[in-house]
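# Close look at the chain arrangement
For reference, the chains in residue letters:
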Amino acid sequence: MAGKAKRSGGENSKFTKENYEQMKNYLMAGLSLRDACTMVGLAYSTWNGYEQKDPSLRRKRKQWQGMLKARAKMNIAEHIYGNKKKNIKPSAGYSKAYLDSLSDQEYKNAQNAVARATARKINAETKRLEIETQLANMNLTDLRQQIDDANNAKQKNVDDLASAIGKGMEGLFGGDDEIET
């Protein structure tokens, strides 16, 4: 893990055993990676570079970050079950607090599930309305075309009738001859 790495700005940074132990302690205490890097004096990007060079470091960091939560769960379990070696008696109060926290989490999960389902329903309804609007617009366009076609056909019929009447009148009176009175 020890070595030199270039920092932005051209400064040299050594990742020492001491830095390693400090990062481990800060991450196990629950600090975020950024905060732990700040406390140790390493740039966040420098730490990421170390992890890229040594993938096992990333796995260790993930383990360290999960240890606080795991230890807390073990402490709670110890107080729920009791520990004769440490003279800890089973506690109904810890049991109740644990069950309450589980219940709260289940409630939050249910709320999130309902919110996601509602969002999906709204999205589906929005898509349905968009499709119906497109269909209505298409039907309106088709209806306008049919009206235009009917008006054109009506006008053609009127024109044909006028032409036929004109031709009939010509035949009746003999064309362009003037009528004698």
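Residues numbered from 1 in each chain as written. Predicted model: local features only at pLDDT ≥ 70, side-chain atom pairs only at ≥ 80, totals over all residues. Heavy atoms only, no water.

### Re the confidence of the model for the protein
On average, residues of the protein score 84 in pLDDT, and 87% of them are at 70 or above. Averaged pLDDT values for the elements of the protein fall to 43 in strand 1 (residues 4-6) and rise to 95 in helix 2 (residues 33-40). Every residue in residues 1-12 is under pLDDT 50, and counting partners more than four places away or in other chains gives 22 contacts. (pLDDT = per-residue confidence, 0-100. Helix = DSSP H or I, 4+ residues; strand = E, 2+ residues; numbered from the N terminus. Contact = heavy atoms within 4.5 Å.)

### Observations concerning unusual backbone geometry
One non-glycine residue, N87, adopts positive backbone phi at about 60°. Its place among the elements puts N87 in the loop between helix 4 (55-81) and helix 5 (92-173).

### Details of the environment of S32
When you line up the elements, S32 lands in the loop between helix 1 (17-28) and helix 2. Residue class for S32 comes out partly exposed when judged on its relative accessible area of 35%. (Buried < 20%, exposed > 50% of the residue type's maximum accessible area, 1.4 Å probe, protein only.)

### Re the packing of aromatic side chains
If you walk through the whole model with that rule in mind, you get one aromatic pair. Ring centres of Y20 and W64 lie 5.3 Å apart, and the angle between their planes is 80°; this geometry places the pair in the edge-to-face category. With a gap of 44 residues between them, Y20 in helix 1 and W64 in helix 4 connect regions that are remote in the sequence. Of the two residues, Y20 and W64, neither departs from the other in class, the shared state being buried. In this structure, R34 is placed above the aromatic ring of Y44, and the distance from its NZ or CZ to the ring centre is 3.8 Å. (Phe/Tyr/Trp six-rings, centres within 6.5 Å; stacked < 30°, edge-to-face > 60°. Lys NZ or Arg CZ within 6 Å of the ring centre and 35° of its normal.)

### A short note on the pattern of salt bridges
Throughout the structure, instances matching the rule amount to seven salt bridges. Linking R61 and E51 is a salt bridge whose minimum nitrogen-to-oxygen distance equals 2.4 Å. Within this pair, whereas R61 is found in helix 4, its partner E51 is found in helix 3 (residues 44-53), the two being separated by 10 residues in sequence. One salt bridge in this structure joins D100 and K96, with 2.7 Å as the shortest N-O distance. Pair noted here: D100 and K96 are both in helix 5, with a separation of four residues, about one helical turn. Owing to a relative accessible area of 34%, D100 belongs among the partly exposed residues under this scheme. (Salt bridge = Lys/Arg side-chain N within 4 Å of Asp/Glu carboxyl O.)

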